[in-house]
Amino acid sequence: MIPELIRRRTILTGGAGLLLAGCDKVIQQPTARKILFAGEDMQKGLQRALMDRGAPAPEYRRDQMSPVFRTNGTRDPGTPEYRAMVENRFQDWRLKVGGLVGTPLSLSLRQIGEFPARRQITRHDCVEGWSAIGEWTGPMLGNVLKAANISDRARYVVFTCADLYGGQPYYESLDLIDAFHPQTILAWGMNGRMLDVGHGAPLRLRVERQLGYKHAKYLMRIDAVDSLSNIGLGKGGYWEDHVDYDWYAGI
Ligand SMILES: Nc1nc2c(c(=O)[nH]1)N[C@H]1C(S)=C(S)[C@@H](COP(=O)(O)O)O[C@H]1N2
Ligand SMILES: [Mo]
């Protein structure tokens, strides 16, 4: 369910707003956009697309879980800072929640564990051509953003990670439709255990309607922003900025 404030704002911002805000690759594809909205009033088409984006990703049974869930991208951030955090079992790790929020937060793993947790068995799809079904546990991102009193000027949330690519932290972002999707969670558990280093300890994003690279591992910061233009090269994520990913949606 999309919170009323977001639904209202998105409809008010109209076409350009939604298209710019969209992480939904299908909507961003010019061809798909034409097909989706052909013969349809633009505003209606956008509203329909918005409804579709709130739909749940499939969830699976326990016996459908993959016996092996591979790791991909960074498998260990390997920095001295991260090593030190692993060594003391993330007791000094804090998730910073800032940017356009009324109440900036600095949350320990224990405090994150105090939020009601969702447990979901979902399929991860990496654009490199593999999938795996796993169980993820953690609070809804939307509840953490609400706890931080996210401003109604915010339009995106940006995730900053502990692992470095070319000396800079991996980063990703979501618009608020995905951020408040009920299956978008900050996972501290996987397959019934605490998240391990390979899969993004101590905390990683699960955004089940999106491809694998959106699921930022090794979370350090979450910032609410009104624009992505000052983040990295302006396209909202490490791979978006450094690789042309538009072809994914064309499949
Ligand atoms: N911080 C960070 N998050 C990341 C990556 C990464 O390299 N660094 N790789 C992404 C990609 S491409 C995929 S497919 C998934 C892999 O998650 P897994 O290792 O749990 O399978 O993490 C995503 N999140
Ligand atoms: Mo991936």
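Residues numbered from 1 in each chain as written. Chains lettered and ligands numbered in written order. Predicted model: local features only at pLDDT ≥ 70, side-chain atom pairs only at ≥ 80, totals over all residues. Heavy atoms only, no water.

### Some remarks on the sheet that holds strand E5 (residues 156–165)
Taken in spatial order, the five strands make up an open sheet running E2-E1-E11-E5-E6, and their pairing is mixed. For this open sheet the edge positions go to strand E2 (105–107) and strand E6 (168–175), each flanked by a neighbour on one side alone. Each strand of the sheet is rotated relative to its neighbour by a mean of 20°, with strand direction disregarded. (Pairing = 2+ DSSP bridges. Helix = DSSP H or I, 4+ residues; strand = E, 2+ residues; numbered from the N terminus. Axes fitted to C-alpha atoms, helices over the stretch in contact; angles between N-to-C directions.)

### Quick look at the sheet that holds strand E3 (residues 117–126)
Taken in spatial order, the four strands of this open sheet run E3-E4-E8-E9, and their pairing is antiparallel. Each end of this open sheet is capped by a strand with a single partner; those strands are E3 and strand E9 (193–194). Looking at chain direction, strand E8 (residues 189–190) and E9 are connected through two bridges and run antiparallel. When the sheet's bridge partners are listed, Met-190 is paired in E9 with Arg-193.

### Brief notes about the pairing of E6
A regular strand places its side chains so that they alternate between the two faces of the sheet. Where burial is concerned, most of E6 is hidden: six out of the eight residues are buried. The antiparallel pairing of E5 with E6 creates a hairpin that spans two residues between the two strands, and Gly-166 there sits at a positive phi of about 55°. (Buried < 20%, exposed > 50% of the residue type's maximum accessible area, 1.4 Å probe, protein only.)

### Some thoughts on the nonpolar core
The biggest cluster of nonpolar side chains holds 47 residues, and the ones touching the most others in it are Leu-95, Leu-141, Val-157, Phe-159, Leu-186 and Leu-219. Ranked by residue count, the leading element in this core is E5, at seven residues. If near-sequence neighbours (up to four positions away) are discounted, Leu-186 is found in contact with Leu-95, Thr-137, Gly-138, Pro-139, Leu-141, Val-144, Leu-203, Arg-204, Leu-205, Leu-219 and Ile-222. Membership of the second largest hydrophobic core comes to nine residues, among which are Trp-130, Ile-185, Ala-187 and Met-190. (Core = buried A, V, L, I, M, F, W, Y, C linked by side-chain atoms within 4.5 Å. Contact = heavy atoms within 4.5 Å.)

Limitation: the analysis is restricted to geometry and does not speak to function.
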